[in-house]
Every structure is written in structure tokens, then in C-alpha cells.
Amino acid sequence: RIISMLNIKQNELVVDYKGIYSVEKFIVARKLMYWQVYLHKTVVSAENMLIKVLERVKILITNKSKVYTTPALKILLKNNFSKKDIDHNLNLLDSFSALDDYDIYTCLKYWQNSDDFVLSRLSSRIMNRKLLKIKLVKQPILEKEKTKLIDLFSKKNNCSQDEASYFIFSYKI
């Protein structure tokens, strides 16, 4: 409905009068989706955990550790591609397009049994829906407080501070 109400007048995009209400409702619905769904603390936690998992896998692959990945994911994790690379090489775009939820899900299932502490723990937590706790604050967390939490985690789990930083981190929304 919105698209059918769009026109061009004097080289500008305009909305027919009868379509303004639909556009308003669309914008309000989008705002509500962000606040209630996309930026919900559970979604933010799961998304950040997945980012941390992929960061860890990339580091392990860069360090020549043997890590299972699907072919579509391996191409993207083994290299540091930029937008320019994708613009100049359509095969990269095909590889990216071939990547889907099943690739990630399959890898997470394998990674649960990894010898790497970070990879196995984060993957297992995602698969078992035991997401990291999230604390929303108005002021940035002090580096001293974060370091203290990382120290506690590393002692409790017998891991390095670098490994603990995959579990204790701050993120700005």
C-alpha cells in the first residue's frame, strides 16, 4: 500500500495524502519492533554471544587451529574481506549469499565439543539457551569494574583473562 502511494513530484519523493496514515503506522510499528524485539535484552545477549563465538573462531583459524566450519563460512572467516573485495569479486558475494542459519547452527553444534574453552562454552550456552546475563546501565561501566569481573571469572573458571573477556564485556546500544 505504501509503495503504491509513493510518487515523484518536482524531482522529489512524495506520499499521496491518503497514504500518510499508512506511512505513520509503518514508522510507529518499526519503532516498536526495535524497542520490543530487536533491542530486547535477550536478543542483544544472544547476538553478542554469537559475535564473540565468530570472533573466537576467526582467531583460532588465523592461528592455524583445526576448527570445523562449513565451506561457506570458512571462506569468510579465513580472510579479511572488505566491501571493495566483494564489489570486485562476485564469487565472494555468492559465498556470502550461500551462508544461512543452518551453517551457523551446524557449526555451533560441532563447536560445543571443541577443545577450546571459549568456543565450547559459548557455543554450548547458545545451543542450550543459557545466555549471558545482561545489565543495562545509563553510564558506561568503569574499566576497573570490568577488570575486576574478568579476574573473578578467570579464577572461578580456571582460564586466562583473555578468555574471560569473551564472557565479560561491555557493549553500547
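Rules behind the numbers
Residues numbered from 1 in each chain as written. Predicted model: local features only at pLDDT ≥ 70, side-chain atom pairs only at ≥ 80, totals over all residues. Heavy atoms only, no water. Phe/Tyr/Trp six-rings, centres within 6.5 Å; stacked < 30°, edge-to-face > 60°. Helix = DSSP H or I, 4+ residues; strand = E, 2+ residues; numbered from the N terminus. Buried < 20%, exposed > 50% of the residue type's maximum accessible area, 1.4 Å probe, protein only. Lys NZ or Arg CZ within 6 Å of the ring centre and 35° of its normal. 1 Å grid on protein atoms, 1.4 Å probe; cavity = no way out; pocket = protein on both sides within 12 Å on 5 of 7 lines; lining within 4 Å. Points joined across faces, edges and corners; volume = space filled by probe spheres on them. Nonpolar A, V, L, I, M, F, W, Y, C, P; charged D, E, K, R; others polar. Core = buried A, V, L, I, M, F, W, Y, C linked by side-chain atoms within 4.5 Å. Contact = heavy atoms within 4.5 Å. Salt bridge = Lys/Arg side-chain N within 4 Å of Asp/Glu carboxyl O. Axes fitted to C-alpha atoms, helices over the stretch in contact; angles between N-to-C directions. Parallel < 35°, antiparallel > 145°, perpendicular 65-115°, else oblique. Left-handed = near helix turned anticlockwise from the far one by under 90°.

**As for the packing of aromatic side chains**
- One pass over the structure, following the stated rule, counts 4 aromatic pairs.
- Aromatic pair Tyr34 and Tyr38: ring centres 4.8 Å apart, planes at 75 degrees, arrangement edge-to-face. On the criterion of helical spacing, the pair formed by Tyr34 and Tyr38 is a turn pair, its members being 4 residues apart in helix α1 (residues 20–38).
- Taking relative accessible area as the criterion, Tyr38 reaches 40% and is therefore assigned partly exposed.
- Each member of the aromatic cluster is reached from another via a ring pair, and the members are Phe117, Phe153 and Phe167.
- The side chain of Lys52 reaches across the aromatic face of Phe169, ending 4.6 Å from its centre.

**Quick word on the layout of surface pockets**
- Approximately 970 Å³ is the volume found for the largest pocket.
- Taken together, the elements giving at least two residues each to the lining of the largest pocket come down to α2 (41–62) and α8 (143–157).
- Residues that form the lining of the largest pocket fall into these classes: 18 nonpolar, 4 polar and 7 charged.
- Taken as a whole, the second largest pocket spans an internal volume of roughly 330 Å³.
- If you go around the second largest pocket, the residues you meet are Ala46, Leu50, Asp100, Asp101, Ile104, Tyr105, Leu108, Ile126, Met127, Arg129 and Leu131.
- Split by residue class, the lining of the second largest pocket holds 8 nonpolar, no polar and 3 charged.

**A closer look at the nonpolar core**
- Val53, Val57, Trp111, Leu122 and Phe167 are the most contacted members of the largest nonpolar core, which has 26 residues in total.
- Every element with two or more residues in this core is listed here: α2, α3 (71–78), α6 (101–111), α7 (117–127) and α8.
- Looking at this core element by element, the count peaks at 6 residues for α7.
- In contact with Val57, other than residues within four places in its own chain, are Val67, Thr69, Leu77, Trp111 and Leu119.

**Focus on the pattern of salt bridges**
- For the coordinates displayed, the defined rule picks out 5 salt bridges.
- With its nearest N and O atoms 3.7 Å apart, the salt bridge here joins Lys52 to Glu55. Note that Lys52 and Glu55 are positioned in helix α2 at a spacing of 3 residues, about one turn of the helix.
- For Glu55, a relative accessible area of 38% translates into the label partly exposed.
- Two residues, Arg56 and Asp116, come together in a salt bridge whose shortest N-O distance is 2.7 Å. On the criterion of sequence distance, the pair formed by Arg56 in helix α2 and Asp116 in the loop between α6 and α7 is long-range, its members being 60 residues apart. An identical accessibility class is assigned to Arg56 and Asp116; each is buried.
- Here the residues in one salt-bridge network are Arg56, Asp116 and Glu163, joined through shared partners.

**A word on the packing of α3 against helix α5 (residues 90–98)**
- Running from N to C, α3 and α5 cross one another at 125 degrees; their axes reach a closest spacing of 8 Å. Overall, the two elements α3 and α5 adopt an arrangement that is oblique. Relative to α5, α3 is oriented so that their crossing is left-handed. Packed against α3, whose contacting residues are Ala72, Ile75 and Leu76, the element α5 presents Leu92, Ser95, Phe96 and Ala98 at the interface.
- For the contact of α3 with α5, the residue count by class is 6 nonpolar, 1 polar and no charged.

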